[in-house]
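Coordinate analysis (summary)
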Amino acid sequence: STHDPVFNCDLLTAERGLDTDWLPQTFDLARFSEHMASRLRHAASLGIQIDVTMKKYLIDLYSLDLNIGSLLATIDRLHL
């Protein structure tokens, strides 16, 4: 993948509250590929809080999923 994580997002200010109880409190780097784990270790060495950043990233994905679902439901409802 060519995607580089974005570490300066403010993702917890969505218009509607998102259920975030499912988010893990910490992230085990052993569960990531060596490529991603290496990037996360590098980010941590720069002072980036990996647990906070990964939570924000997952919230972003969750929000995107909800919005795409809403869009698809509207397309279905309008029979487009």
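Just above, that's the structure.
Quick summary incoming for the structure in this document. This structure is a prediction, so every number in the text was calculated from the model and none was measured.

**Some details on helix H2 (residues 50-77)**
Compared with an ideal rise of 1.5 Å per residue, which puts 28 residues at 40 Å, H2 spans 40 Å between its outermost C-alpha atoms and is within 8% of the ideal. Buried within H2 we find Ile 50, Thr 53, Met 54 and Ile 59. Looking at the buried side of H2, the elements it contacts are helix H1 (34-45). Just downstream of H2 lies His 79, where phi reads positive at about 55°.

**Quick look at the nonpolar core**
Listed in full, the five residues of the largest apolar core are Phe 27, Leu 40, Ala 43, Ile 50 and Met 54. Of all the secondary-structure elements, those providing two or more residues to this core are H1 and H2. In contact with Leu 40, other than residues within four places in its own chain, are Leu 29, Phe 32, Ile 50 and Met 54.

**Some remarks on unusual backbone geometry**
A negative phi angle is the norm for most residues apart from glycine, just as the trans form is the norm for most peptide bonds. Although it is not a glycine, His 79 sits at a positive phi angle of roughly 55°. With respect to the helices and strands, His 79 occurs in the segment after H2.

**Comments concerning H1**
Here H1 contains 12 residues, and its C-alpha end-to-end distance of 16 Å stays within 8% of the 16 Å for a straight helix at 1.5 Å per residue. Burial in H1 covers these residues: Ala 37, Leu 40 and Ala 43. For H1, the angular spread of the buried residues around the axis is 120°, confining them to a single face. Exposed and facing more than 90 degrees away from the buried side of H1 are Glu 34 and Ser 45.

The rules we used
- Residues numbered from 1 in each chain as written.
- Predicted model: local features only at pLDDT ≥ 70, side-chain atom pairs only at ≥ 80, totals over all residues.
- Heavy atoms only, no water.
- Helix = DSSP H or I, 4+ residues; strand = E, 2+ residues; numbered from the N terminus.
- Expected span 1.5 Å × (residues − 1).
- Buried < 20%, exposed > 50% of the residue type's maximum accessible area, 1.4 Å probe, protein only.
- Contact = heavy atoms within 4.5 Å.
- Core = buried A, V, L, I, M, F, W, Y, C linked by side-chain atoms within 4.5 Å.
- Arc of directions from axis to C-beta.

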